[in-house]
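# Chain and residue survey
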Amino acid sequence: MLIIPTYNEKENIAPLVARVRKAAGKEPILFADDSSPDGTAEEVRRVQAHDPHVHLIVRPGKDGYGSACRQAMKKVLAENLDDHLVQFDADLSHPPEVLPRVLELVKTYDVVIGSRYIAGGGSANWDLRRKLLSYGANLYARTLTGVPVHDMTAGFVAYRADILRRIDLDSITSNGYAFLMELKFNLHRKGARFAEVPIIFAEREAGKSKFNKKIMIEGVKFPARAMLKRLGGSR
């Protein structure tokens, strides 16, 4: 089951679902929408009318990326909706065409990451400065957290349901993109087996990025917190 948090992504819903269906057939999709004022939830309902494998959670307000992911994950786990969960973005930056490979690998590995930073991966339409910043941020995160993956900030991630049940999702307090790092860090400490597959990350064409200064600061702070936990032997 794909877990897709949304806020003001109306224009991307139909093309995203169409590409997922072409690549991965009837793979279930669960959208978690933070009451988008642009009518994202209404667009999901329109798609639901002819696709019974599309599901929707409408949250009362804009409570953040990490919160939306946690709520959707907890729903899937509590209701035993699937044996795997795939975290995915709504902005068409992640290629659905890679889903068959990811879904095959998650039968063997606990966590499968769509990675920009292994052979064959990369980013489209990024200038050199942005590529260097992103690569440096991932190197910083990987070094401080000790998690043996190349793309710590990847948001295209598949998890086996049983590995997610080993951690307390409510204990993961990051709410921006640091949520992605904190979840990988916690799973690594529980002995998760990781695999990475290359993807080309594409810049969004519709809607606006949710990245802001608060998210950036949180992303800088979490790896440092993780290093202190490692040094202190905290579990």
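Computed from a prediction, not measured in an experiment: that's the story for all the values here.

Rules and cut-offs
Residues numbered from 1 in each chain as written. Predicted model: local features only at pLDDT ≥ 70, side-chain atom pairs only at ≥ 80, totals over all residues. Heavy atoms only, no water. Axes fitted to C-alpha atoms, helices over the stretch in contact; angles between N-to-C directions. Helix = DSSP H or I, 4+ residues; strand = E, 2+ residues; numbered from the N terminus. Parallel < 35°, antiparallel > 145°, perpendicular 65-115°, else oblique. Left-handed = near helix turned anticlockwise from the far one by under 90°. Contact = heavy atoms within 4.5 Å. Nonpolar A, V, L, I, M, F, W, Y, C, P; charged D, E, K, R; others polar. Phe/Tyr/Trp six-rings, centres within 6.5 Å; stacked < 30°, edge-to-face > 60°. Buried < 20%, exposed > 50% of the residue type's maximum accessible area, 1.4 Å probe, protein only. Lys NZ or Arg CZ within 6 Å of the ring centre and 35° of its normal. Lys, Arg positive; Asp, Glu negative; His and termini not counted. Salt bridge = Lys/Arg side-chain N within 4 Å of Asp/Glu carboxyl O. Polar contact = N/O pair within 3.5 Å; in protein donor to acceptor, adjacent residues only side chain to side chain.

Contact geometry for helix α1 (residues 10-24) and helix α2 (residues 40-48): axes closest at 8 Å, N-to-C directions at 25°. Classified by the angle their axes make, α1 and α2 are roughly parallel. Read as a crossing pair, α1 and α2 show a hand that is right-handed. The residues of α2 that touch α1, namely those facing Lys 10, Ile 13, Ala 14 and Val 17, are Thr 40, Glu 43, Val 44, Arg 46 and Val 47. Of the residues belonging to the contact of α1 with α2, the class tally is 5 nonpolar, 1 polar and 3 charged.

For the rest of this paragraph, the subject is the packing of aromatic side chains. A full pass over the atoms with the stated rule returns 4 aromatic pairs. Residues Tyr 117 and Tyr 135 carry aromatic rings whose centres are separated by 5.7 Å and whose planes lie at 70° to one another, so their mutual orientation is edge-to-face. Here Tyr 135 lies in helix α5 (residues 128-145) and Tyr 117 lies in the loop between β5 (111-115) and β6 (122-124), a separation of 18 residues in the sequence. Relative accessible area serves as the criterion here: at 18%, Tyr 117 is assigned to the buried category. Relative accessible area serves as the criterion here: at 44%, Tyr 135 is assigned to the partly exposed category. The ring of Tyr 7 carries the charged tip of Lys 62 above its face, separated from the ring centre by 5.0 Å. The ring of Phe 201 carries Arg 116 above its face, with NZ or CZ at 5.5 Å from the centroid.

Once that is clear, we can look at the side chain of Glu 196. Checked against the element boundaries, Glu 196 lands in strand β8 (residues 194-198). No salt bridge is formed by the buried Glu 196. Its closest oppositely charged neighbour is Arg 142, at 7.3 Å. Only 3.0 Å separates the side chain of Glu 196 from the side chain of Ser 115, close enough to count as a polar contact. Among the polar contacts made by the side chain of Glu 196, one reaches the main-chain amide nitrogen of His 150 at a distance of 2.9 Å. Beyond its immediate chain neighbours, meaning those up to four positions away, Glu 196 contacts Ile 113, Ser 115, Ile 118, Val 149, His 150 and Asp 151.

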